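# Report on the structure
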Amino acid sequence: MSREGSAVAVLARKVIEAQGPIPIAALMRLANTALPESYYRAQQPFGTQGDFVTAPEISQMFGEMLALALADQWQRMGAPASVDLVELGPGRGALMADVLRIWQRAAPSLLAAARVTLVEASERLRAEQKRALAAHADRLAWSDRLPGNGRPLFLIANEFFDALPVRQFVRTAEGWRERLVNWSEARGFHEVLGPVTRAMEEPEGDLWEHSAESMDWASRIGERLAADGGLALIVDYANRPGESSFRGIARHGKADPLVDLGAVDLSAGVDFPALTSEAGGQGAIAYGPVGQGSYLRALGIQTRHAQLAARATPGQRRELDAALERLTDAQAMGEEFRVLALTGPYNPPPAGFAAQEQTGSEEAPQCS
Ligand code: SAH
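What comes next concerns the included structure. (Residues numbered from 1 in each chain as written. Predicted model: local features only at pLDDT ≥ 70, side-chain atom pairs only at ≥ 80, totals over all residues. Heavy atoms only, no water.)

### With respect to helix α9 (residues 212-228)
One turn of the α-helix equals 3.6 residues, which is why residues spaced by three or four share an orientation. Rules: Each helix is a run of H or I in the DSSP string that is no shorter than four residues. Each strand is a run of E no shorter than two, and both are numbered from the N terminus. In a helix, the anticipated span is given by 1.5 Å times the number of residues less one. When a residue's accessible area, from a 1.4 Å probe over protein chains only, is under 20% of the maximum for its type it is buried; when over 50% it is exposed; and in between it is partly exposed.
Helix length check: α9 (17 residues) gives 24 Å between terminal C-alpha atoms against 24 Å at 1.5 Å per residue, within 8%. Every buried residue of α9 is accounted for by S214, M215, W217, A218, S219, I221, G222, R224, L225 and D228. Positive phi shows up at G229, right after α9, with a value of about 75°.

### Some words on the site of the ligand
Let me state the cut-off plainly: Each residue is tested against the molecule or strand, and it is near if at least one of its non-hydrogen atoms lies within 4 Å. Nitrogen and oxygen atoms within 3.5 Å of one another constitute a polar contact, given that in protein one can donate a hydrogen and the other can accept it, and given that sequence-neighbouring residues count only through two side-chain atoms. Residue exposure ignores everything except the shown protein chains as possible cover, and the areas themselves are Shrake-Rupley values with a 1.4 Å probe.
Near the ligand lie 20 residues; those nearest to it are T54, G89, G91, E120 and N158. At 2.6 Å from an oxygen atom of the ligand is found a side-chain nitrogen or oxygen belonging to T54. Backbone polar atom of G91 to an oxygen atom of the ligand: 3.0 Å apart, as the coordinates give it. When isolated, the ligand has an accessible area of 570 Å², and the protein chains bury 95% of it.

### Comments concerning the pairing of strand β10 (residues 230-237)
The condition is simple: Criterion used throughout: strands pair if DSSP finds at least two bridges between them.
Counting buried residues along β10, eight of its eight residues qualify, which places the element largely inside the surrounding structure. Every second residue of β10 is oriented toward a common face, with G230, A232, I234 and D236 on one face and L231, L233, V235 and Y237 on the other, all of them buried. Pairing between strand β5 (residues 153-158) and β10: six bridges, direction parallel. Within β10, the position partnered with I156 by the bridge is L233. Inspection of the sheet shows β10 paired to strand β15 (residues 337-343) by seven bridges, in the antiparallel sense. Bridging across to β15, L231 finds its partner in T343.

### Considering the sheet that holds strand β12 (residues 253-255)
Applicable threshold: Note on definitions: angles span 0 to 180 degrees between N-to-C directions of axes, and those axes are lines fitted to C-alpha atoms, for helices only across the stretch in contact.
Pairing is antiparallel in the open sheet, where three strands are placed in the order β12-β11-β13. In this open sheet, the two strands that pair with only one neighbour each are β12 and β13 (265-267). Neighbour-to-neighbour, the strand axes of this sheet turn through a mean angle of 45°, independent of strand direction.

### Here's the deal with the packing of helix α5 (residues 60-76) against helix α12 (residues 301-310)
Counted only if it meets this: By definition in this entry, angles of less than 35 degrees are roughly parallel, angles greater than 145 are roughly antiparallel, angles of 65 to 115 are roughly perpendicular, and the rest are oblique. Crossings are assigned a handedness: left-handed for a near helix turned anticlockwise from the far helix by less than a right angle, right-handed for a clockwise turn. By the convention used here, residues are in contact when the closest approach between their heavy atoms is within 4.5 Å. Three residue categories are used. Nonpolar comprises Ala, Val, Leu, Ile, Met, Phe, Trp, Tyr, Cys and Pro, charged comprises Asp, Glu, Lys and Arg, and polar comprises the others, including Gly.
Running from N to C, α5 and α12 cross one another at 130°; their axes reach a closest spacing of 10 Å. It follows that α5 is oblique to α12 by the angle criterion. Note on packing geometry: the crossing formed by α5 with α12 is right-handed. Taken together, the residues of α12 that come into contact with α5 (itself represented by Q60, M61, E64 and M65) are I301, R304, H305 and L308. Taken together, the residues that form the contact of α5 with α12 break down as four nonpolar, two polar and two charged.

Read these as geometric descriptors, not functional statements.
This is the structure we're talking about:
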């Protein structure tokens, strides 16, 4: 059966027939999470058998470094007796498992203080997370939103924001027009330009991407940090101002985002300056974004690598070397992936960032 007949494609077509071409964001929502047949709820995205490999699935060292950064912040906040640990889009649960394992070993009173909330759209992945985190079952909860105020917030999000829907606007001679998705018998799904619209702000370049859902998350995270303090670590690849970053990913390569709806991961690069100003508007302080490679090195990943390598078999040692290179090398994930840290207004600069990496501070220009 052709994918044109998939539940996602059928619904997208019906919506377009009823009301005309739809924003890319609407299509992303349908394709990624809205239906039981949507990508994250029906497919197996992760690992060499899946469509892409993420940092925590490459090596435990990634999650261990983030775990130490969070624990360090908690320590320097005076070790508050109860905290929220939240992960957005935990996938198969590998990152959270590494964080909780390190806290158990290196900061048991932090683990004891933590209530864990997992924000996950897919029932199937919630079940996988439950299995991966079975050792900590009594402190886990799943939710669609951040827990309410009152406790310091420690939050991690790896490759979550890139899965959130974006709208695209294109500069034309007549003015800004939205890039929309249409469907016809002859052409299937295809892009068209909508009527001239007033863009919500005047962006640089000839193309502007806007993710309302990302802004909403950034705003809520900023609000919580401003009220309760803590640390949020957001890791993802960035979009480039003026360029389209909307894409499909399947089988470890690029795929046409308008073909095989529901079978392909639809994603877009993250607009870090927009996240920063949204969270900043709520009173949070931003650091970075900096390259994942330099961030992990600043946190001591090379020392951890040497420790693990010292007791590894030759085969394991080769794997550790390859993982370190993949996570940190500028030619691999080290530069493409960026780390943004957000803290409360009265918290110290987080580990891995120098004070002058505070975004928008007077001493330093924005670090990008
Ligand atoms: N952090 C994991 C997985 C990244 S993939 C890792 O690094 O391996 C994106 C994750 O976000 C998946 O778990 C997906 O199901 C989830 N997700 C995507 N869109 C979502 C949404 N709108 N709400 C909640 N979870 C979402």
